[in-house]
Every structure is written in structure tokens, then in C-alpha cells.
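For reference, the chains in residue letters:
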Amino acid sequence: MIVFLNGIKGELMGKIIKKMVIVTVGILLSLLIVIMTISFINHRIQLSQESALLQPVGTIVNVNDHLMHVYAEGHNQSPVTLVFMSGGGTSSPVLDFKGLYSQLSDQYRIAVVEKAGYGNSETASVPRDIDTILEETRSALSLAGEQGPYILFPHSMSGIEALHWAQQYPHEVKSIIGLDPAVPEAYKEYPLPSNMVMKLTSFAARIGITRWVPAIADASAAITEDHLTDDEKDIYRAMFYKNTQTSNMIEEVRKISSNAAVVSEAGIPDVPMYFFISNGEELPLNDWPNMLISYVEDSPDGKYMLLDSGHYIHNYETETIANESKIFIKSILEQ
């Protein structure tokens, strides 16, 4: 009898504990939904208020039925146009490159093309294969009234696009000045984030979770290295909250290995190259600097400078890169 009663008590206790767990999980899920809803509503309100900050400073053009933003400044009579090409995931390319291009636009025409999902350009349902990306960049420049020949300043992942540009249209590209630019070899080993991680990050950004940790936005090198005015810093933060892990950025990561393979197969382009290379410590590839050095050394006309700097090298070593670039560009134009 005692064993029987103990069994009943044990069964009853198990049901009670199970019910308590279900209720607790339900409460936690409800609380999570409430928090996410409040975060989303706050995010939409903030985006609406910040929209006044996000007015395009350049030219908006229609490329493949979506709007792209091109910013340009400098001499209209410049013999070349310096085109700045952002790395993957950079929320505001125009502001990210400002520290560097503002030191070059006194002598040359500069242009920054913001790809789909970046800066003031629309996020759009467009393929992110290397040919589509390149043709949209070229079309955006042309529609904005900018013209070559070009000297390309690619940062990080856009190094692949710049190399492809020089391979496909060598008459347009006078040279490539790489800002810690990716080369095809890197994407044979680069540990790319999983699709789930990217989607979760994007979801968190879309419901405003990124606003809970303002230090993330403030960690941008353009802000920490003080290349922006206080107003521009506010714009950069607003761009960060608007453009973190957009669908176009995610698709670029998904396609980068196959895009790099296309560029690798075409070989090293025959244009003068100057790579400014970081110490690689911010990147998950121990051999990053050596990969870039090896690539540029194998090119017909290449040189490099290794700098003890982080990956956003154009913000950390701005003056050095600007001065070296002026010397390099002058030597190219004198050839």
C-alpha cells in the first residue's frame, strides 16, 4: 500500500513539475515576444525619426530597376577618377571612406558607389554574382555622369570585384590601389558565417536589437579614428541601424566563394597594383597578409606596404595611404 501511495504521489508530482515547466516556458516566450514587439516598434519609430538624417549627399540613379547612390567630389578635369569600393557589410561607404578620399579630392575626381543594400542605395532583389555586381557599379557611375579611366580603391571583399573589373575592362582601369583587399586565394580558406548565423543577425537588426548595444555602432573605425564630424557620426550610426546585414549583404557572402573562383580562373590582371596590407589580426585567417603579398608580388607590376594596422586600414593609416597613393598615381600618369 505504501509503495502504491508513493507511486501516486510521484506521478502527481511529475505532472505538477511538467505543468510548471510548460507554464514557465509559456511565460518566458510571452515575455520574449513582448520584448521583441517593443523593440521592433521602437526601431521603426527611431528609423522614421532618423530618416531626416539619411538624405543622399550624392546622385541617385536607377540601375536594373533599383536605386543606387553615387557620391562624387573633386576636380572635374581630373585625368582619372578614383573609385572607392566598400568591403562587405560596411553600412555607409560614403562616410567610411571620407577620411581618405577627402585627402585626395583636392587633386583628383573621386567617386563612391554604394551597392544595393549599402548606404543610401536601395536593398533590392538582385543577383549578387560578380558580373551583375560589376555591371551595376559601372552603370551607376555612367548614369551619375562619372567617367574613366578609373583607379580603383577596393577595401576587403570588393578586392574581388576590382580584380574582375581589370580583367574584363582593362582599358577602363589604370590601376588598383588595394585597401587590405581580398584576393581569390583567401576565399578557399576563409571561414564564412553560416546561413543561420547571418539570418539571425539580420533578424536581430530588423527588430532593433542592435540598438540595445550602441557600442557596436560606435566601434566603427570611421568614428573611433575621428574622421567624421559629430553630425556625420550620427548619420553613420543611423546608417548602421538601417543597413546591418541586409539581404544583399547576405547574398554577397553566399556568392563570394564562387565569385572568387571566377576571378581566380581569369588570372592576375595586367594593371599596376599597390596593396596596403593590414597585420591581419582582426581577420580569421592567420595567413591573410602573406596571401595578399604573394598575389601582388606575382602581378606584372605590383608593390605593397605592410602596415601594423586593423582591417579598416584606410581609417587607421589615412595619411600614409593618401601620401603614398598620390606618389603612385603620379608615377602611373607619367608613364
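Visitor: What am I meant to see in the layout of surface pockets here?
Guide: Take a probe with the size of a water molecule and roll it over the atoms, and the empty space left behind shows itself. Size it by volume and the largest pocket reaches roughly 1100 Å³. Every residue lining the largest pocket is counted, 38 residues in all, and those nearest its centre are Gly88, Gly89, Thr90, His311 and Tyr312. Among the elements of the structure, strand S5 (150–156), helix H6 (195–206), helix H7 (214–218), helix H9 (230–243) and helix H10 (247–265) are those that each provide at least two residues to the lining of the largest pocket. Per-element accounting of the lining of the largest pocket gives the leading share, 4 residues, to H10. The computed volume of the second largest pocket comes to approximately 220 Å³.

Visitor: Sorry, what's going on with the pattern of salt bridges here?
Guide: Once their charged atoms are close, side chains differing in charge can pair, the charge on each being opposite to the other. Tallying each qualifying case throughout the model produces 12 salt bridges. Residue Glu251 is joined to Arg254 by a salt bridge in which the shortest nitrogen-to-oxygen separation is 3.1 Å. Placement of both Glu251 and Arg254 in helix H10 is noted, with a separation of 3 residues, approximately one turn of the helix. Classification of Arg254 as partly exposed rests on a relative accessible area of 41%. Beyond isolated ion pairs, a larger network of salt bridges with shared partners links Glu135, Arg138 and Glu172.

Visitor: Any chance you could explain the packing of helix H4 (residues 130–143) against helix H5 (residues 158–168) here in plain terms?
Guide: Between two packed helices, both the angle of their axes relative to each other and the distance between the axes serve to describe the pair. For the pair H4 and H5, interaxial distance at closest approach is 10 Å and the crossing angle is 80°. It follows that H4 is roughly perpendicular to H5 by the angle criterion. Here Ile130, Asp131, Ile133, Leu134, Thr137, Arg138 and Leu141 of H4 come into contact with H5, specifically with Ile160, Glu161, His164, Trp165 and Gln168. Split into classes, the residues belonging to the contact of H4 with H5 amount to 6 nonpolar, 3 polar and 3 charged.

Visitor: Got a minute to help me understand a nonpolar patch on the surface in this structure?
Guide: A cluster of nonpolar side chains, contributed by Leu28, Leu31, Ile35, Trp212, Val213 and Ile216, occupies part of the molecular surface with about 570 Å² of accessible area. Residue contributions to the nonpolar patch peak at 3 residues, all from helix H1 (residues 2–50). Tracing the backbone through its elements, the reader meets Trp212 in the loop between H6 and H7.

Visitor: Is there a simple way to think about the packing of aromatic side chains in this case?
Guide: According to the stated counting rule, one finds 10 aromatic pairs in the structure shown. Seen from their ring centres, Tyr71 and Tyr101 are 5.8 Å apart, and the 40° between their planes marks the pair as tilted. Separated by 30 residues along the polypeptide, Tyr71 in strand S2 (residues 66–73) and Tyr101 in helix H3 (residues 98–101) bring together distant segments of the chain. Tyr71 gets classed as buried once you look at its relative accessible area, which sits at 15%. In this structure an aromatic cluster arises from ring pairing among Tyr71, Phe84, Phe97, Tyr101 and Phe153. For the cation-ring pair, Lys115 lies above Tyr118, with the distance from its terminal atom to the ring centre recorded as 5.2 Å.

Thresholds applied
- Residues numbered from 1 in each chain as written.
- Predicted model: local features only at pLDDT ≥ 70, side-chain atom pairs only at ≥ 80, totals over all residues.
- Heavy atoms only, no water.
- 1 Å grid on protein atoms, 1.4 Å probe; cavity = no way out; pocket = protein on both sides within 12 Å on 5 of 7 lines; lining within 4 Å.
- Points joined across faces, edges and corners; volume = space filled by probe spheres on them.
- Helix = DSSP H or I, 4+ residues; strand = E, 2+ residues; numbered from the N terminus.
- Salt bridge = Lys/Arg side-chain N within 4 Å of Asp/Glu carboxyl O.
- Buried < 20%, exposed > 50% of the residue type's maximum accessible area, 1.4 Å probe, protein only.
- Axes fitted to C-alpha atoms, helices over the stretch in contact; angles between N-to-C directions.
- Parallel < 35°, antiparallel > 145°, perpendicular 65-115°, else oblique.
- Contact = heavy atoms within 4.5 Å.
- Nonpolar A, V, L, I, M, F, W, Y, C, P; charged D, E, K, R; others polar.
- Patch = residues over 30% accessible without salt bridge, like charges linked within 9 Å, V, L, I, M, F, W, Y side chains within 5 Å.
- Areas by Shrake-Rupley, 256 points an atom, 1.4 Å probe, with all protein chains shown as cover.
- Phe/Tyr/Trp six-rings, centres within 6.5 Å; stacked < 30°, edge-to-face > 60°.
- Lys NZ or Arg CZ within 6 Å of the ring centre and 35° of its normal.

Keep in mind that these numbers describe shape and distance, not what the molecule does.
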